Amino acid sequence: MRPEILIAPPADLAGIFALLFEAEARQALARRGRFSCAVPGGSAAEVFFPPLARLALDWGRVDIFWVDERAVPASDPESNYSLARRLWLSPAGIPPERVHRMGADGIDLPAAAAASEDDLIRTLGRPPRLDLGLLGIGPDGHVASLFPGHVALDETERCVAAVPDAPKPPPRRLTLTFEVLAEARLLVFGAFGDAKAAAIRDGVTKADSPLPVARLLREASRAFLFVDQEAASLLSASDR
Ligand code: 6PG
């Protein structure tokens, strides 16, 4: 599936993403009475979360999950949950029971993955189908904590995988698996800066690229790519 590509400064993309999020949420609430999303950490979170906090949505019917989480306590600045709480969840006053933190900070990472998977399935059913997945893109083309060539990328039984050896620090993480992400009704990828340009070029233009971002863009039923000029710099006019 070819993504809709929006190229603009991050501040502009943040406003557009908030409008898209609101529209998707209102449609899901009208059709199914619930709206579910899964979100990342990193620059996509830093750019896209603040305007979400200003949306006038019925947050009591919105379930928030994470696409991945680091094996650190919720209070640790490295925690994706901590970043969301600071930029979005607390300012928006989102009810704690709607926030499904991926508790990756236990000693037993596989047990933590199983607990997160149980929560996901208890909330969304099996297979769990998210309404919206927000993803950043690593310079190596990883999404969530699914890294190129990593065994977790080909996990087909589980919905949440333990990643004890991520190349991006901190190494111990949990991640939604590829199939859960691919099953989402809508995926929005956010990437900024020229370090992401090669991964975006491969993801958009190389039909046989093995990069996680490329594989996910091929499988997504609907996808947006929100990038700044630098991240889009290797896309030709016809690719855009
Ligand atoms: C994480 C994120 C991860 C992130 C990419 C890109 O836990 O680190 O969820 O998937 O989105 O690594 O990060 P940047 O956008 O900060 O480069």
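Here goes a summary of the coordinates provided. For clarity, every value in this text was computed on a predicted model and none was experimentally measured.

### Points about the overall build of the chain
And step 1. Across its full length, the chain holds seven helices and nine strands.
And step 2. The C-alpha radius of gyration computed for the chain amounts to 16 Å, which stays within 12% of the reference 18 Å derived for 240 residues, consistent with globular compactness.
And step 3. Within the chain, buried positions represent 55% of all 240 residues.
And step 4. For the chain, restricting intrachain contacts to residue pairs at least 6 apart in sequence, the fraction spanning at least 24 positions comes to 77%.
And step 5. Surface exposure of the chain reaches about 9,900 Å², of which carbon and sulfur atoms provide 53%.
And step 6. Put simply, the chain has 27 plus and 32 minus side-chain charges, and the middle of one group is 4 Å from the middle of the other.

### A closer look at the side chain of Asp-63
And step 1. Looking at the secondary structure, you find Asp-63 in strand β3 (residues 62-66).
And step 2. There is a polar contact of 2.6 Å between the side chain of Asp-63 and the side chain of Arg-34.
And step 3. Sequence-distant contacts of Asp-63, that is, excluding residues within four places in its chain, are made with Arg-34, Phe-35, Ser-36, Cys-37, Arg-98, His-100 and Thr-123.

### Digging into the site of the ligand
And step 1. Near the ligand there are 14 residues, and of these Ser-43, Asp-68, His-142, Ala-144 and Lys-168 occur at the shortest range.
And step 2. Measuring from an oxygen atom of the ligand, one finds a side-chain N or O atom of Lys-168 at 2.7 Å.
And step 3. For the ligand, an oxygen atom lies 2.7 Å from a polar atom in the side chain of Lys-196.
And step 4. Taken by itself the ligand offers 420 Å² of open surface, and the protein chains cover 90% of this.

### Overview of the packing of aromatic side chains
And step 1. On inspection of all chains with the given rule, the structure shows twelve aromatic pairs.
And step 2. Ring centres of Phe-17 and Phe-21 lie 6.0 Å apart, and the angle between their planes is 55 degrees; on these two criteria the pair is classed as tilted. Taken as a pair, Phe-17 and Phe-21 lie in helix α1 (residues 10-32) at a separation of four residues, close to a single helical turn.
And step 3. On the basis of relative accessibility, which here comes to 1%, the residue Phe-17 falls in the buried class.
And step 4. Looking at Phe-21, the relative accessible area reads 0%, which means it is buried.
And step 5. On the numbers, 6.1 Å between centres and 40 degrees between planes, the contact of Phe-21 with Trp-59 is tilted. With Phe-21 in helix α1 and Trp-59 in the loop between α2 (42-52) and β3, this residue pair connects regions lying 38 residues apart in the sequence.
And step 6. Judged by its relative accessible area of 7%, Trp-59 is buried.
And step 7. Connected via pairs of aromatic rings, a cluster forms that spans Phe-17, Phe-21, Phe-35, Phe-48, Phe-49, Trp-59, Trp-88, Phe-192, Phe-224 and Phe-226.
And step 8. Positioned above the aromatic ring of Tyr-81 is the side chain of Arg-101, whose terminal nitrogen or guanidinium carbon lies 5.7 Å from the ring centre.
And step 9. Against the face of Phe-178 rests Arg-215, its NZ or CZ located 5.1 Å from the ring centre.

### Some words on the environment of Asp-140
And step 1. By the secondary structure assignment, Asp-140 is in the loop between β5 (132-136) and β6 (160-163).
And step 2. Overall, the relative accessible area of 31% leaves Asp-140 in the partly exposed class.
And step 3. Taking the C-alpha atoms as reference points, Asp-140 and Pro-212, 72 residues apart in sequence, are found 9.0 Å from one another.
And step 4. Once residues within four sequence positions are removed from consideration, Asp-140 is found in contact with Phe-147, Pro-148 and Leu-211.
And step 5. Of the polar contacts made by the side chain of Asp-140, one reaches the side chain of His-142; its length is 2.7 Å.

The rules behind each value
Residues numbered from 1 in each chain as written. Predicted model: local features only at pLDDT ≥ 70, side-chain atom pairs only at ≥ 80, totals over all residues. Heavy atoms only, no water. Helix = DSSP H or I, 4+ residues; strand = E, 2+ residues; numbered from the N terminus. Rg over C-alpha atoms; globule rule 2.2 N^0.38 Å. Buried < 20%, exposed > 50% of the residue type's maximum accessible area, 1.4 Å probe, protein only. Contact = heavy atoms within 4.5 Å. Areas by Shrake-Rupley, 256 points an atom, 1.4 Å probe, with all protein chains shown as cover. Lys, Arg positive; Asp, Glu negative; His and termini not counted. Charge placed at Lys NZ, Arg CZ, Asp CG, Glu CD. Polar contact = N/O pair within 3.5 Å; in protein donor to acceptor, adjacent residues only side chain to side chain. Near = heavy atom within 4 Å. Phe/Tyr/Trp six-rings, centres within 6.5 Å; stacked < 30°, edge-to-face > 60°. Lys NZ or Arg CZ within 6 Å of the ring centre and 35° of its normal.

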